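Summary of structural features
Each chain, letter by letter, is given below.
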Amino acid sequence: MTPKLLFLDWDGTLCFDYLWRSLTSKNERVKKAVDFFFSEEKDLVNDWLRGDFSSEEINAMISEKSGCSFDELWNSFVHDCQTMTFGSRLRESLSKIRQSSKIVLITGNMDCFRRFTIPALKLDDCFDDMVISCEIGYLKNEKAGQQFIDIARKFEIELSDTVLIDDSDKTLKVFAGLGGSAFKTTGLDRTLEILDGLASRGEILHKGSE
């Protein structure tokens, strides 16, 4: 059946672009610093996702470690936030689904998402609401999935009438434990397959579901 509320993750579900990609592709020192940051400093990354650090502060840290000037790093960072890929096929599928369901973007993300990505990509036009971890101080798989509970309550929809599409096993497990239908994506093609199933037939394709 068609869910009354669809939750969608961003990174690894709707978008697959990396921050600083326009610079890491041509500057090996920046690439090493960025790779180290995301792979070895996960606590710092999560604190950024929770809003404990600003994007300026993180860029200053990576600038110091890479030897790249702050201005060059920052300009690349902002550019890459503003030019993330969110294509027409995704937009069309979401538009069709919104004719009968609410859609909420629920993302572990940083202050740069609200500041640069949302306005550049006009994401306000695609979702009924957006929940960004840095704005509420915790991740969606923390606090027993309270983000999902709060949004369902806001729209006066039972969690049993909701669906989540995400690439995180941990988040999907938390969501399923709340009574929602959790579906794992493994890439853009799978995300589109699920969304197209919702849009065209009003049902989830169960292949690969959790």
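Data block above holds the structure.
First things first, this report covers the structure right here in the doc. (Residues numbered from 1 in each chain as written. Predicted model: local features only at pLDDT ≥ 70, side-chain atom pairs only at ≥ 80, totals over all residues. Heavy atoms only, no water.)

**Things to note about the side chain of lysine 140**
Position of lysine 140 relative to the elements: it lies in the loop between helix H8 (133-136) and helix H9 (146-154). We classify lysine 140 as buried; its relative accessible area is 7%. Within the local environment of lysine 140, its side chain forms a polar contact with the backbone oxygen of isoleucine 106, the two atoms lying 2.9 Å apart. Excluding anything up to four places from it in sequence, lysine 140 contacts Asp9, Ile106, Thr107, Gly108, Gly145, Gln147, Phe148, Asp166 and Thr171. (Helix = DSSP H or I, 4+ residues; strand = E, 2+ residues; numbered from the N terminus. Buried < 20%, exposed > 50% of the residue type's maximum accessible area, 1.4 Å probe, protein only. Polar contact = N/O pair within 3.5 Å; in protein donor to acceptor, adjacent residues only side chain to side chain. Contact = heavy atoms within 4.5 Å.)

**Here's the deal with the sheet that holds strand E1 (residues 5-8)**
Spatial ordering of the open sheet is given by E3-E2-E1-E4-E5, a layout of five strands whose pairing is parallel. Each having just a single partner strand, strand E3 (129-132) and strand E5 (181-184) make up the two edges of the open sheet. Ignoring which end each strand starts from, the neighbouring axes of this sheet average 20° apart. In the packing of helix H7 (residues 111-121) onto the sheet, contacts are made with strand E2 (102-107) and E3, and the angle to E3 comes to roughly 145°. (Pairing = 2+ DSSP bridges. Axes fitted to C-alpha atoms, helices over the stretch in contact; angles between N-to-C directions.)

**Things to note about the packing of aromatic side chains**
Each pair of aromatic rings is reported with the distance of its centres and the angle of its planes. Scanning the entire structure with this criterion turns up 15 aromatic pairs. Ring centres of tryptophan 20 and tryptophan 48 lie 6.2 Å apart, and the angle between their planes is 35°; on these two criteria the pair is classed as tilted. One end of the pair, tryptophan 20, is in the loop between E1 and helix H1 (21-24); the other, tryptophan 48, is in helix H3 (residues 42-49), and 28 residues separate them in sequence. For tryptophan 48, a relative accessible area of 0% puts it in the buried group. Among the aromatic residues, those joined into a cluster by ring pairs are Trp20, Phe37, Phe38, Trp48, Phe70, Trp74, Phe77 and Phe116. (Phe/Tyr/Trp six-rings, centres within 6.5 Å; stacked < 30°, edge-to-face > 60°.)

**Focus: the nonpolar core**
One finds Trp10, Phe77, Phe86 and Phe127 to be the most contacted residues of the largest nonpolar core, which totals 51 residues. In contact with phenylalanine 77, not counting residues within four places along its chain, are Leu19, Trp20, Trp48, Ser55, Asn59, Cys112 and Phe116. Counting 15 residues, the second-largest nonpolar core is a separate cluster that includes Val131, Ile149, Ala152 and Phe175. (Core = buried A, V, L, I, M, F, W, Y, C linked by side-chain atoms within 4.5 Å.)

**Observations concerning H7**
Within the sequence span of H7, burial applies to Asp111, Cys112, Phe113, Phe116, Thr117, Ile118 and Leu121. Lysine 122 occupies a position one or two residues after H7 and carries a positive phi of about 55°.

**Examining the layout of surface pockets**
To find the voids left in a structure, one rolls a probe of water-molecule size over its atoms. Estimates place the volume of the largest pocket at around 970 Å³. Around the largest pocket, the lining comprises 31 residues; the ones closest to its centre are Asp11, Phe38, Val45, Leu49 and Gly108. Elements supplying a minimum of two residues to the lining of the largest pocket: helix H2 (28-40), H3, H7 and helix H10 (169-177). Residue composition of the lining of the largest pocket, by class: 15 nonpolar, eight polar and eight charged. (1 Å grid on protein atoms, 1.4 Å probe; cavity = no way out; pocket = protein on both sides within 12 Å on 5 of 7 lines; lining within 4 Å. Points joined across faces, edges and corners; volume = space filled by probe spheres on them. Nonpolar A, V, L, I, M, F, W, Y, C, P; charged D, E, K, R; others polar.)

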